[in-house]
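Overview (structure and organization)
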Amino acid sequence: MASQEPEGAIKALAADHLPDSGVQEEKLQGRSYHDGGTLSCYSEGSGQGSDFSRNDCEHAEDDTADSTSDKKRRGKRGRRPNFAYGIAPPLSDDSHGLGSDTEEEEIFQETERLLTHDRRGFEVSGHYLSRPEKTSSNQTLMHLIKGNLGTGILAMPDAIKNSGLLTGCCLLPIMAIICMHSMHLLVWSASELQARLHRSNLTYALVGEAAFAHGPPRLRFLSTFARTTLNSFLVITQLGFCCVYVVFIATNIKQVFDVIFPGGLWDLHAYIAIISVPVLALSMIKTLKKLYYPSLLSNVLIITGLVLLLVYLLQDLPNAKDRKQFSSWEAIPLFLSTSIYAFEGIGVVLPLHRNMQHPEDLGGYNGVLNTGMILVTCLYIGMGFFGYLKYGELVQGSITLNLPKEEPLAMSISLIFVVAIFLTYALMLYVPVELTWPHLVARFARYTRRKNTVYFFRAGLVLITLLFAALIPHIGLFISLVGAMASSTLALIFPPMLHSLTFYDTISWIGLLKNMFIMVFGLVCFFTGSYYSIAAIVKEMSSSPESFTSF
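Because the structure is a prediction, the values reported are computed rather than measured.

**Some thoughts on the overall build of the protein**
If you tally the helices and strands in the protein, you get 21 helices and zero strands. Among the 551 residues that make up the protein, the fraction classed as buried is 59%. Summed over its atoms, the accessible surface of the protein is roughly 22,600 Å², and 63% of this surface lies on carbon and sulfur atoms.

Here is the structure:
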């Protein structure tokens, strides 16, 4: 967010991250946020900040109905508004906002810093923590690439195993195109809604709320539910990432110690218990500013580890004819779930777009978004192709587990990734804390306002991730489950839905059919991926419980 943005708009954004109450109500030029008009805010004195008011809606629709010139400005196609990727003008100085309460300002500032980070925990715009400057197109490109390089790229060989060598290499570009287009749909919707609301800082959840509030009249009462649903999936996704990180760290540490102490010192659950201590300690850091340098170090370690990993994968490669070109139809949903998990960087797009010097450079056929995602797709295909080509059916949920255990360099690569993923765990936990803690403070103020209560809440979330990691200590299956249940919703289902709602009165029938196809595809990935992931987990637990600890 630009530093010169009016104070009223800054204070208004703080309400997005605070619980609704009669005292803390967002006001935006005296209009109801759910009135379906061109401006939004919460009705005063109701104590129901986000409730839909039919009477207000009827008057607001008469006063703020779209004029003919406004519809011409938005265009007939409904696919891309003229000002897509542009930044909407800021609010006027007389805009209403929250009072300048110290605690509210702190929550707002921390949330704004959060918006400069990727949802996978890798730094997206860390320089913003020290100076609120806009990023250039090249910087945004680098941030976009870094934001998509997480545990997903290490699981791509396992994804190719579930699809087959030829099938996976053909399907990955198709998945990339669909995910890229969904990112464009989200940015187009956000740009249109920001222009209507005269705001330049809508989050993913607020875009969902505004799309329903200004969509078809019969669906406007679902606006609050849409925001709650999006925030819920964000929390589920982040906690799922945390669980995957715990399993990844424990599994790789166990592999190293099994080499140092032949015969196996402990099982995987013991290592999960051991790492819980440093994970709990790191998770007690409440501010992103203190996590800036750990995030920076994590980026360096990730890049170093990927380079060294490719050294092993490109040596002594077998013939591609020795590998399966197609696996089985039952395993395809697992491939799709893992791919969506890897490509699900849609939460990065809006913060990057908002922080660019030239937001229009994000779009276009050769824009930052397409260029960055094409490079990421090439990295995914390369890692998946060479990883599966080298290790075949023996490839595991993380390619680091296939490295030669006796070689010091291989052990170093595993430890590099362990440290890098460990340093990002606290960033993963930051999102669910920021989305849930303010609501708990409002509902249980008698208990939550006590000193150090937030630390117990953070520790509780950490214990939840440790518990699920202990229950399902299998990296590949856990990644597929998270990708199917959470990532597919955020990356494939909601973006075309919100785009159709935002442009419901101007979108063409071709555009609507295209959006419906993406939504149906996302629903198929959700149900089939969840079913086969859970079935695979149950099969592993019932047939060979030891496999969950031995890999």
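Structure shown, so let's carry the discussion forward.
**A word on the environment of I416**
Structurally, I416 can be placed in helix α16 (residues 408–443). Taking relative accessible area as the criterion, I416 reaches 17% and is therefore assigned buried. Separated by 112 residues in sequence, I416 and T304 have C-alpha atoms that sit 8.1 Å apart. In this view, I416 contacts L301, T304, G305 and L308; residues no more than four positions away in its chain are not counted.

**Some remarks on the pattern of salt bridges**
Enumeration over the complete set of coordinates arrives at four salt bridges. For the salt bridge of R196 with E192, the shortest nitrogen-to-oxygen distance reads 2.7 Å. Pair noted here: R196 and E192 are both in helix α8 (residues 165–197), with a separation of four residues, about one helical turn. The class for E192 is buried, based on a relative accessible area of 0%.

**Some details on unusual backbone geometry**
The phi angle at H198 is positive, at roughly 55°, despite the residue not being glycine. Examined against the element boundaries, H198 turns out to sit in the loop between α8 and α9 (204–213). Judged by its relative accessible area of 31%, H198 is partly exposed.

**Some details on helix α19 (residues 475–502)**
Here α19 contains 28 residues, and its C-alpha end-to-end distance of 38 Å stays within 8% of the 40 Å for a straight helix at 1.5 Å per residue. By the largest-angle criterion, S488 marks the main kink of α19, which is about 55°. Of all 28 residues making up α19, 26 are buried, and the element is well covered by its neighbours.

**Quick look at the packing of aromatic side chains**
The description of an aromatic ring pair rests on the distance of the ring centres and on the angle between the ring planes. Going through the model one piece at a time under the given rule, you end up with nine aromatic pairs. Consider the rings of F257 and Y271, whose centres lie 6.0 Å apart with planes at 55°: the pair is tilted. Of this pair, F257 sits in helix α10 (residues 223–260) while Y271 sits in helix α11 (residues 268–283); the two residues are 14 residues apart in sequence, bridging distant segments of the chain. Owing to a relative accessible area of 3%, Y271 belongs among the buried residues under this scheme.

**What about the confidence of the model for the protein?**
Looking at the protein, the pLDDT average stands at 75 and 73% of residues meet or exceed 70. Low pLDDT (under 50) marks residues 107–132, which in the prediction has 96 contacts with non-local residues, meaning those over four places away or in another chain. pLDDT under 50 marks residues 547–551. Its contacts with residues more than four places away, or in other chains, come to 19 contacts.

**Quick word on the packing of helix α5 (residues 137–147) against helix α15 (residues 368–391)**
Packing of α5 against α15 leaves a shortest axis separation of 9 Å and a crossing angle of 35°. With respect to the hand of their crossing, α5 and α15 are arranged in right-handed fashion. Within the contact between the two elements, α5 uses S137, T140, L141, L144 and I145 and α15 uses V368, L369, T371, G372, M373, L375 and V376.

**A word on the environment of E360**
Within the secondary structure, E360 is located in the loop between α14 (346–354) and α15. The partly exposed category is assigned to E360, whose relative accessible area is 46%. Once the C-alpha coordinates of E360 and S137 are considered, the two residues, 223 residues apart in sequence, prove to be 9.8 Å apart.

The rules behind each value
- Residues numbered from 1 in each chain as written.
- Predicted model: local features only at pLDDT ≥ 70, side-chain atom pairs only at ≥ 80, totals over all residues.
- Heavy atoms only, no water.
- Helix = DSSP H or I, 4+ residues; strand = E, 2+ residues; numbered from the N terminus.
- Buried < 20%, exposed > 50% of the residue type's maximum accessible area, 1.4 Å probe, protein only.
- Areas by Shrake-Rupley, 256 points an atom, 1.4 Å probe, with all protein chains shown as cover.
- Contact = heavy atoms within 4.5 Å.
- Salt bridge = Lys/Arg side-chain N within 4 Å of Asp/Glu carboxyl O.
- Expected span 1.5 Å × (residues − 1).
- Bend = angle between axes of the 7 residues up to and from the residue.
- Phe/Tyr/Trp six-rings, centres within 6.5 Å; stacked < 30°, edge-to-face > 60°.
- pLDDT = per-residue confidence, 0-100.
- Axes fitted to C-alpha atoms, helices over the stretch in contact; angles between N-to-C directions.
- Left-handed = near helix turned anticlockwise from the far one by under 90°.

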